Amino acid sequence: MDNLSSIYSKARDISQTNSAVYTDERYPDALLDLINGFSGNEVNIITKGYDSVDWNKINEHSKNALYRVLQELLVNMKKHSEADLVMLNFESKPKVLEIRYSDNGKGIDPAKFSKKGLQYAENRIHAVNGTITFDKKVTKGFRVIVQIPK
């Protein structure tokens, strides 16, 4: 059963990684489904400010980048961090949407920080003229701030 569960998880990750991202009026629900898909008995994910975001003001390239970056952060959390609590704080500022990700996992070893997934996340955000800041000093937990232009 454990092997079957592991295979299912890997297949689900591959499917989600390669699936199309809806950037139309379905985007808010699709993003929330992604986030909720990682929440369960072992991990509680709290979102704050999500409902106050006007997703129509975010262009489709930024929506796609944000979706993939949050997906990468949540996959890493599930696989590596051993976190049981994640906070996603969405704040709409005049020119940017800011998302603060934090978890209470074991943190990240700065020597291993240059993993491909996090580099891809950084590249995706920079491609839409956004910023992504990883807090490499935290020894307990993991924190990231993503800002994408409106």
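The structure contained in this document is the topic of the report that follows. No experiment lies behind these values; they were computed from the predicted model shown.

## What to know about the sheet that holds strand 2 (residues 85–92)
Then, number 1: Read across the sheet, five strands follow the order 1-2-3-5-4 without closing on themselves; strand pairing throughout is mixed. Looking at which strands have only one partner, the edges of the open sheet turn out to be strand 1 (44–48) and strand 4 (131–134). Here the average twist between neighbouring strands, direction ignored, is 10°.
Then, number 2: In this structure, strand 4 lies alongside strand 5 (residues 142–149), joined through four bridges in antiparallel fashion. Within the sheet, the bridge partner assigned to Thr131 lies in strand 5 and is Gln147.
Then, number 3: Strand contacts of helix 3 (residues 60–81): strand 1, strand 2, strand 3 (96–103), strand 4 and strand 5, with the helix running at about 5° to strand 3, the strand carrying the most contacts.

## What about the environment of Leu31?
Then, number 1: Note that Leu31 resides in helix 2 (residues 27–37).
Then, number 2: A sequence separation of 37 residues divides Leu31 from Arg68, and the C-alpha atoms of the two residues are 9.7 Å apart.
Then, number 3: Not counting residues up to four positions away in its chain, the partners in contact with Leu31 are Tyr50, Trp55, Leu66, Tyr67 and Leu70.

## Comments concerning the nonpolar core
Then, number 1: Residues Leu31, Trp55 and Leu66 are the most contacted members of the largest nonpolar core, which totals 39 residues.
Then, number 2: Among the secondary structure elements, those contributing two or more residues to this core are helix 2, helix 3, strand 2, strand 3, helix 4 (116–127), strand 4 and strand 5.
Then, number 3: Residue contributions to this core peak at nine residues, all from helix 3.

## Quick word on the packing of aromatic side chains
Then, number 1: Following the criterion strictly, the structure yields six aromatic pairs and no others.
Then, number 2: Ring geometry for Trp55 versus Phe90: centroids 6.2 Å apart, planes at 75°, classification edge-to-face. Highlighted residues: Trp55 in the loop between strand 1 and helix 3 and Phe90 in strand 2, separated in sequence by 35 residues. Assigned by exposure class, Trp55 and Phe90 land together as buried.
Then, number 3: Among the aromatic side chains, those forming a connected cluster through ring pairs are Tyr27, Tyr50, Trp55 and Phe90.

Definitions and cut-offs
Residues numbered from 1 in each chain as written. Predicted model: local features only at pLDDT ≥ 70, side-chain atom pairs only at ≥ 80, totals over all residues. Heavy atoms only, no water. Pairing = 2+ DSSP bridges. Helix = DSSP H or I, 4+ residues; strand = E, 2+ residues; numbered from the N terminus. Axes fitted to C-alpha atoms, helices over the stretch in contact; angles between N-to-C directions. Contact = heavy atoms within 4.5 Å. Core = buried A, V, L, I, M, F, W, Y, C linked by side-chain atoms within 4.5 Å. Buried < 20%, exposed > 50% of the residue type's maximum accessible area, 1.4 Å probe, protein only. Phe/Tyr/Trp six-rings, centres within 6.5 Å; stacked < 30°, edge-to-face > 60°.

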